[in-house]
Amino acid sequence: MHAIAKQVMRNYPLHTALLAILLTCCTSVSLTAWQSENVGIAEENMVATVNPIATDAGVAAFEAGGNAVDAAVAAALMLAVVDGYNSGIGGGCFILIRRANGEVVAIDGREMAPAAAHRDMFLKDGKPDTRLSQEGALAIGVPGALKAYEQAVREFGNQDFASLVLPAAKRAREGFPITPTYASVLKRTSESLAKFPGSKQVFLKDDGTPRQAGERLVQSDLANTLERVANDGVDYFYRGDFAKQTALWMQQNGGLITEADFANYLTRRRDPVETTYRGHTIIGFPPPSSGGVHVAEILNILEPFDLNTLRETDPATYVHVVAEAMKLAFADRAHWLGDPDFADVPLGLIDKSYAAELAKKIDLQKVMPVTSHGTPPLADAKFFERHTTHIAAADKHGNWVAITTTVNTSFGSKVVIPGLGVVMNNQMDDFAVAPGIPNAYGLVGTEANSVQAGKRPLSSMSPTIVMKGEQPFMTVGAAGGPRIITQALLAIVGKIDLEMSLEQAVGQKRFHHQWSPDLLMLETGFPPEVQDKLEEMGHQVRVSNRAGVSQAIFFDADKSRFIGVHDPRVPGKAAGAAKVPATDR
Ligand code: GLY
């Protein structure tokens with residue numbers, strides 16, 4: 001067989017049959033333009049999302065001369081229209097940018113609790129009621145995504161923000177065919193959506209049943225809102241009619257958010273979390289994300305282990321070691337993590353000596369009991385200043401962008417304020433509504449993540465950029481609640497330790513342990529003997545096909561080209577444009 005075909009078969013096994021035939025018969029196929037179902041290859045730039053329309057918006061931004069920041073934000077704004085159950089301008093985001101000049105920037109667009117929020121707001125008759133934090137007016141935090149997108153483009157993009165918003169407005173006005181995935185989420189959430197007239201009007205038919213796959217979803221109110229943002233800037237949203245109408249709806253529906261909460265919303269510039277791992281630098285998002293801290297903590301714990309040999313010789317023990325490291329980190333998450341503007345999050349959590357102590361606790365033969373968190377060095381002295389979707393973008397100048405953005409669970413609070421068209425988040429559920437009470441993801445927390453006015457709820461979102469020396473090596477991020485952290489981790493381990501192609505690293509079977517509940521989750525498809533051995537070691541195994549969704553980009557320095565991957569578990573698209581930004585900043 002042709003040498004190129006063999007190489008591609010090794011790197012991209014999921015597409016081998018079709019591609020091998022193609023490459024064997026047609027030796028002139030250019031790999032630089034190659035695009036398979038979930039892999040894109042391009043020389044100048046790359047953007048990867050879960051939705052082809054959104055990826056195309058990113059590619060169009062590149063074609064207009066934009067850089068990776070413009071492309072990522074164009075894709076994020078389009079996702080707000082075509083994938084609004086996962087993310088949108090009614091939600092929040094974290095944006096991690098590695099600029100062409102080497103600077104790394106972390107923009108925190110996480111939602112904030114309104115000024116009237118308080119610790120006991122989700123108690124009813126003295127008992128925690130997570131229905132209140134998950135659905136309806138009280139579940140909504142003050143949205144930050146739009147302000148963060150605008151800031152990223154204004155400070156680090158090449159394009160006019162309005163030019164990135166208008167294509168999304170046009171798509172909202174003209175509509176798009178509802179995909180089978182979208183239709184299944186609508187079906188699952190239709191009973192809740194029906195409780196809110198603004199949501200019912202957009203997403204349900206007149207008879208109250210959900211719109212079906214193949215129907216065109218037109219969102220005229222969202223189109224109007226986006227056009228107003230394009231014309232009047234984000235002040236329309238934060239200080240104008242949008243804030244006014246939302247505050248009025250809140251008053252009428254038992255919510256707390258006021259016009260002042262919108263006006264007072266601030267994005268934050270944070271210092272990224274950095275650690276080293278086997279000759280690479282791992283750059284992650286700091287608190288209020290728990291993602292950067294715990295990806296770093298887990299990698300630090302794993303560094304003494306030869307994971308590649310372990311996986312080849314004894315796959316169950318490989319899973320066991322990584323899962324035990326996950327467990328240790330999630331026990332720390334539950335205790336220590338919260339908004340660093342309110343809680344003291346110890347810097348020592350990413351200390352190599354702390355990780356080395358934790359690593360010694362891992363028994364290769366059996367499960368270790370982890371009853372509580374650890375105590376990192378200087379835990380009382382040195383601190384960090386938290387359905388969802390991930391967008392990865394990069395360009396040849398060296399701009400790399402990782403945006404994880406979310407309204408939290410599917411369709412967030414299920415609220416669309418009538419006339420505004422925007423799905424509002426339910427990010428208040430990412431607070432610990434009471435100590436030890438699990439949220440929608442089964443996560444527990446303590447005082448560090450209690451509800452307080454103006455505080456940001458702890459997140460697991462983990463936009464990550466990996467450097468090799470001075471060169472960006474890969475970027476990855478994910479959707480899936482706490483599984484976000486472990487997906488980012490496994491993709492990095494897959495690429496660095498297990499020497500997988502990027503497609504294999506994203507497509508590999510995943511596993512997840514979040515300490516509480518004490519369950520090892522294996523993605524469907526692990527060999528039965530691996531599961532049996534893990535159970536013999538003492539793990540309580542649960543097999544699930546809920547493994548999260550990752551997007552990633554790798555720069556193949558030998559061939560000087562980007563490889564973009566969207567998660568093969570769901571639809572999506574990774575693609576580049578044939579154009580390099582004319583000017584770079
Ligand atoms: N709402 C999911 C997260 O931020 O972790």
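Predicted model, so just to flag it, every value in this text is computed and none were measured.

Conventions we followed
Residues numbered from 1 in each chain as written. Predicted model: local features only at pLDDT ≥ 70, side-chain atom pairs only at ≥ 80, totals over all residues. Heavy atoms only, no water. Helix = DSSP H or I, 4+ residues; strand = E, 2+ residues; numbered from the N terminus. Expected span 1.5 Å × (residues − 1). Buried < 20%, exposed > 50% of the residue type's maximum accessible area, 1.4 Å probe, protein only. Contact = heavy atoms within 4.5 Å. Salt bridge = Lys/Arg side-chain N within 4 Å of Asp/Glu carboxyl O. Phe/Tyr/Trp six-rings, centres within 6.5 Å; stacked < 30°, edge-to-face > 60°. Lys NZ or Arg CZ within 6 Å of the ring centre and 35° of its normal. Axes fitted to C-alpha atoms, helices over the stretch in contact; angles between N-to-C directions. Parallel < 35°, antiparallel > 145°, perpendicular 65-115°, else oblique. Left-handed = near helix turned anticlockwise from the far one by under 90°. Nonpolar A, V, L, I, M, F, W, Y, C, P; charged D, E, K, R; others polar. Near = heavy atom within 4 Å. Polar contact = N/O pair within 3.5 Å; in protein donor to acceptor, adjacent residues only side chain to side chain. Areas by Shrake-Rupley, 256 points an atom, 1.4 Å probe, with all protein chains shown as cover. Pairing = 2+ DSSP bridges. pLDDT = per-residue confidence, 0-100.

With that settled, consider helix 10 (residues 220–232). Helix length check: helix 10 (13 residues) gives 18 Å between terminal C-alpha atoms against 18 Å at 1.5 Å per residue, within 8%. When helix 10 is considered as a whole, its buried residues turn out to be Asp221, Leu222, Ala223, Thr225, Leu226, Val229 and Ala230. Summarising the contacts, the buried residues of helix 10 are in contact with helix 4 (68–82), helix 6 (145–156), helix 7 (161–174), helix 9 (197–203), helix 11 (235–238) and helix 12 (241–252). Two residues or fewer after helix 10 comes Gly233, characterised by a positive phi angle close to 85 degrees.

This part covers the pattern of salt bridges. With the rule as written, the count across this model stands at 31 salt bridges. With a shortest N-O distance of 2.7 Å, Asp56 and Lys573 are connected by a salt bridge. Across the pair Asp108 and Arg270 runs a salt bridge, and its minimum N-O distance is 3.0 Å. With Asp108 in strand 4 (residues 104–109) and Arg270 in strand 9 (residues 268–270), this residue pair connects regions lying 162 residues apart in the sequence. Each member of the pair, Asp108 as well as Arg270, carries the same accessibility label: buried. One network of salt bridges, in which partners are shared, links Arg99, Glu103, Glu150, Arg154, Glu155 and Arg269.

Think of a pair of aromatic rings as described by two things: how far the centres are apart, and how the planes are tilted against each other in angle. If you walk through the whole model with that rule in mind, you get 18 aromatic pairs. Ring centres of Tyr85 and Tyr182 lie 5.0 Å apart, and the angle between their planes is 90 degrees; on these two criteria the pair is classed as edge-to-face. Taken together, the residues span a long stretch of sequence, with Tyr85 in the loop between helix 4 and strand 3 (92–98) and Tyr182 in helix 8 (residues 180–193) at a distance of 97 residues. By relative accessible area, Tyr85 is classed as buried at 7%. Both rings, one in Tyr236 and one in Phe242, keep their centres 6.3 Å apart while their planes meet at 75 degrees; by these two values the pair is edge-to-face. Just as Tyr236 is buried, Phe242 falls in that class too. Through a chain of ring-to-ring contacts, the aromatic side chains of Tyr236, Phe237, Tyr238, Phe242, Phe262 and Tyr265 assemble into a single cluster. One residue, Lys147, lies across the ring of Tyr238, its end atom 4.9 Å from the ring centre.

One way to put it is that helix 16 (residues 315–336) packs onto helix 18 (residues 483–496) with a least axis distance of 12 Å and a crossing angle of 140 degrees. Judged on the interaxial angle alone, helix 18 and helix 16 are oblique. Helix-helix and strand crossings are classified by hand; for helix 16 and helix 18 the assignment is right-handed. Residue-level contacts link Tyr318, Val322, Met326, Phe330 and Arg333 of helix 16 to Ile485, Thr486, Leu489, Leu490 and Val493 of helix 18. In terms of residue class, the contact of helix 16 with helix 18 is made up of eight nonpolar, one polar and one charged.

Around the ligand, a shell composed of Arg110, Asn408, Gln427, Asp430, Tyr441, Ser459, Ser460 and Met461 is seen. Between a nitrogen atom of the ligand and a side-chain N or O atom of Asn408, the distance comes to 2.7 Å. In the model, an oxygen atom of the ligand is placed 2.6 Å from a nitrogen or oxygen of the Ser459 side chain. Relative to its unbound accessible surface of 200 Å², the ligand loses 99% to contact with the protein.

On to the environment of Thr309. Among the secondary structure elements, Thr309 is positioned in helix 15 (residues 307–313). With 21 residues separating them in the primary sequence, Thr309 and Phe330 have C-alpha atoms 26 Å apart. Polar contacts involving the side chain of Thr309 include one to the side chain of Asp306, which spans 2.6 Å.

What follows concerns the side chain of Thr388. Examined against the element boundaries, Thr388 turns out to sit in strand 14 (residues 388–395). Judged by its relative accessible area of 6%, Thr388 falls in the buried class. Reaching out from Thr388, the side chain makes a polar contact with the side chain of Thr406 at a distance of 2.7 Å. In this structure Thr388 touches Asn86, Thr404, Thr405, Thr406, Asn408, Met461, Ala478, Ala479 and Ile484, once residues within four positions along its chain are discounted.

Right, let's get into the sheet that holds strand 15 (residues 400–406). Here we have seven strands laid out as an open sheet, ordered 9-4-3-15-14-2-25, and antiparallel in their pairing. Only two strands of the sheet have a single partner each, and these edge strands are strand 9 and strand 25 (573–575). Strand-to-strand, the axes of this sheet are offset by a mean angle of 15 degrees, without reference to chain direction. Relative to strand 25, strand 2 (residues 45–49) runs antiparallel, the two being bridged by three bridges. Bridge pairing links Val47 to Ala575 in strand 25. Of the strands in this sheet, strand 2, strand 14 and strand 25 touch helix 3 (residues 52–63), which is tilted by about 160 degrees from strand 2. Running at roughly 155 degrees to strand 14, helix 4 makes contact with strand 2, strand 3, strand 14 and strand 15 of the sheet.

Before going further, it helps to examine the packing of helix 14 (residues 291–302) against helix 16. Across the interface, helix 14 lies against helix 16 with an axial gap of 9 Å and an inter-helix angle of 140 degrees. Of the possible angle classes, the one that applies to helix 14 and helix 16 is oblique. For the crossing formed where helix 14 meets helix 16, the hand is right-handed. Residues His294, Glu297, Ile298, Ile301 and Leu302 of helix 14 lie in contact with helix 16, whose contacting residues are Val321, Val322, Ala325, Met326, Leu328, Ala329, Asp332 and Arg333. Taken together, the residues that form the contact of helix 14 with helix 16 break down as nine nonpolar, one polar and three charged.

Within the chain, residue pLDDT values average 90, and 91% of them lie at 70 or more. Under a pLDDT of 50 for its full length, residues 1–35 has, in the predicted model, 51 contacts with residues more than four places off or in other chains.

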